[in-house]
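Structural overview for review
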Amino acid sequence: MSKKRKRKAKLKSKARKRPKSRKIPFEAKDFLSLKEAGVGDLDLLFKLAEKMKKKPEAFFGKLKGKSLALLFQKPSIRTRVSFQVGMAELGGNSVYMDPQELPLGERESIKDVARVLSRYCDVAAVRTYHHADTEEFARNSSIPVINGLSDLYHPCQTLADLFTIREKFGELQKTNIAYIGDGNNVLNSLLYGASKAGANLAIATPRGYEPSEEILKDIKLICKESGSKVTLSNNPFTAIKNAHAVYTDVWVSMGQEKQRDQRLRDFQPFQVNGAIIGKAPKDSVIMHCLPAHRGEEITEEAIEHPRSVIFDQAENRLHTQKALLFLLLTRKKKR
Ligand code: CP
Ligand code: NVA
């Protein structure tokens, strides 16, 4: 058996029995951080996304008559287009509002916008600078609210990331994800998703750019239940040891432009490049949520590498978000 197949087979044999999905999957009203998701909910979502990817026509028209509001305060290609196309494929409508048209909290309060959109639409996806704005929007809307990225979390990205790893290795439990770079929104959500799914996460950040103590405390508790291991270091070469996936994101997130010069200096040794790929296991995949800044956090060589799954990851935003929309809009109400 080849080394690659051996590693895959080992993952299967190590996997623990999966917890079942709750009676009402994704029973929390909103999907803001992945904290709310049950462990079995993720499994259910991935199975559904797999079916939707294989046979999209089987789900045509399933959300007929439903409308999705997209309220974005920052630019987006993947999140916006995958939600709009996804909703259309399921037979529903979507309405996109950009920051020029609807600057949250300027022309009218977040609270009023949330209440009005709840009267027209069935679900909303919101992209804000401050996570507190997303929470305020969710508190004041009567429809499910999806976080389409905030300064703190990017849970829709994590769904696609984990789905991609599951697709490549046939399993998520006990897979080793190496995350190299900034302790940002993408990593925060990956921490919740990976630890709930039973995957291990080895993180390498520069000193001072680690995820917050509060989140790490929360993750420790989740790991106790799932058996996941999360480790922190300041050395990318330590993190990639035994990695199945090597993941990075931008060094300067949207809203951090003023810190750009400092960050470029601090993050230099954390680039995903030929040296990192050369030392990582030969069957490991290279991941990035995009948009990428070639020559900063990742090189052209790494993006275009035969083991890069970056564009599968981008495609999988569509399938996983369709599954999310379907589950949120067809779940039974709590009695
Ligand atoms: N990865 C991601 O969320 O991309 P966008 O910012 O283009 O939506
Ligand atoms: N961390 C990045 C992710 C972009 C999808 C940002 O917030 O800009």
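Refer to the structure above for everything that follows.
These figures come from a predicted structure and were not determined experimentally.

Moving on to the site of ligand 1. For ligand 1, the full set of nearby residues is S76, I77, R78, T79, R127, H154, Q157, C289, L290 and R317. I77 places a main-chain nitrogen or oxygen 2.6 Å from an oxygen atom of ligand 1. Between ligand 1 and R317, the relevant distance is 3.1 Å, taken from an oxygen atom to a side-chain nitrogen or oxygen of the residue. Contact with the protein chains covers 96% of the free accessible surface of ligand 1, which is 260 Å². The pocket occupied by ligand 1, as judged from atoms lying within 2 Å of grid points, is the largest pocket. When the residues that make up the shell around ligand 1 are grouped by side-chain class, the tally is 3 nonpolar, 4 polar and 3 charged.

Spatially, the 4 strands line up as an open sheet ordered 2-1-3-4, and their pairing is parallel. Looking along the sheet, the strands with just one partner apiece sit at the ends: strand 2 (93-97) and strand 4 (145-147). Put simply, the sheet's adjacent strands are angled 20° from each other on average, direction ignored. Note that strand 3 (residues 123-127) and strand 4 share 3 bridges and pair parallel. Within the sheet, the bridge partner assigned to A125 lies in strand 4 and is I146. Of the strands in this sheet, strand 1 (67-72), strand 3 and strand 4 are in contact with helix 13 (residues 310-330), which crosses strand 4 at around 155°.

On to the sheet that holds strand 7 (residues 230-233), then. Taking strand neighbours across the sheet as the criterion, the 5 strands line up as 7-6-5-8-9 in an open arrangement whose pairing is parallel. Both edges of this open sheet fall to strand 7 and strand 9 (285-288), since each of them pairs with a single strand only. The sheet shows a mean angle of 20° between the axes of neighbouring strands, taken without regard to direction. Of the strands in this sheet, strand 5 (176-180), strand 8 (245-248) and strand 9 touch helix 6 (residues 155-169), which is tilted by about 170° from strand 9.

To continue, consider the side chain of S284. Within the secondary structure, S284 is located in the loop between helix 11 (274-279) and strand 9. S284 gets classed as buried once you look at its relative accessible area, which sits at 1%. Here the side chain of S284 touches P281 through a polar contact of 2.6 Å, landing on its backbone oxygen. In contact with S284, other than residues within four places in its own chain, are A243, H244, V246 and R307.

Every buried residue of helix 5 (residues 131-139) is listed here: H131, T134, F137 and A138. Axial view of helix 5: buried residues confined to an arc of 120°, hence all on one face.

Okay, the layout of surface pockets next. The calculated volume of the largest pocket comes to roughly 490 Å³. Lining the largest pocket are 30 residues, with L149, V250, S253, M254 and P291 positioned closest to its centre. For the lining of the largest pocket, the class distribution of residues is 11 nonpolar, 13 polar and 6 charged.

Lining the immediate surroundings of ligand 2 are L149, H154, N184, N185, V186, D249, V250, S253, M254 and L290. With respect to ligand 2, the side chain of N184 contributes an N or O atom lying 3.4 Å from a nitrogen atom. In isolation ligand 2 offers 270 Å² of accessible surface; the protein chains occlude 94% of this area. Applying the majority rule of atoms within 2 Å of the grid points places ligand 2 in the largest pocket.

Before going further, it helps to examine the packing of helix 4 (residues 110-120) against helix 5. Remark: helix 4 packs on helix 5, axes separated minimally by 8 Å, with the N-to-C direction vectors making an angle of 45°. Comparing their axes, helix 5 and helix 4 come out oblique. The way helix 4 lies across helix 5 gives a crossing that is right-handed. Residues I110, K111, V113, A114 and L117 of helix 4 form the contact with helix 5, whose participating residues are D133, E136 and F137. Classifying every residue of the contact of helix 4 with helix 5 gives 5 nonpolar, no polar and 3 charged.

So, how was this worked out
Residues numbered from 1 in each chain as written. Chains lettered and ligands numbered in written order. Predicted model: local features only at pLDDT ≥ 70, side-chain atom pairs only at ≥ 80, totals over all residues. Heavy atoms only, no water. Near = heavy atom within 4 Å. Polar contact = N/O pair within 3.5 Å; in protein donor to acceptor, adjacent residues only side chain to side chain. Areas by Shrake-Rupley, 256 points an atom, 1.4 Å probe, with all protein chains shown as cover. 1 Å grid on protein atoms, 1.4 Å probe; cavity = no way out; pocket = protein on both sides within 12 Å on 5 of 7 lines; lining within 4 Å. Sits in = over half its atoms within 2 Å of the grid points. Nonpolar A, V, L, I, M, F, W, Y, C, P; charged D, E, K, R; others polar. Pairing = 2+ DSSP bridges. Helix = DSSP H or I, 4+ residues; strand = E, 2+ residues; numbered from the N terminus. Axes fitted to C-alpha atoms, helices over the stretch in contact; angles between N-to-C directions. Contact = heavy atoms within 4.5 Å. Buried < 20%, exposed > 50% of the residue type's maximum accessible area, 1.4 Å probe, protein only. Arc of directions from axis to C-beta. Points joined across faces, edges and corners; volume = space filled by probe spheres on them. Parallel < 35°, antiparallel > 145°, perpendicular 65-115°, else oblique. Left-handed = near helix turned anticlockwise from the far one by under 90°.

Treat this as a map of the structure, not an account of what it does.
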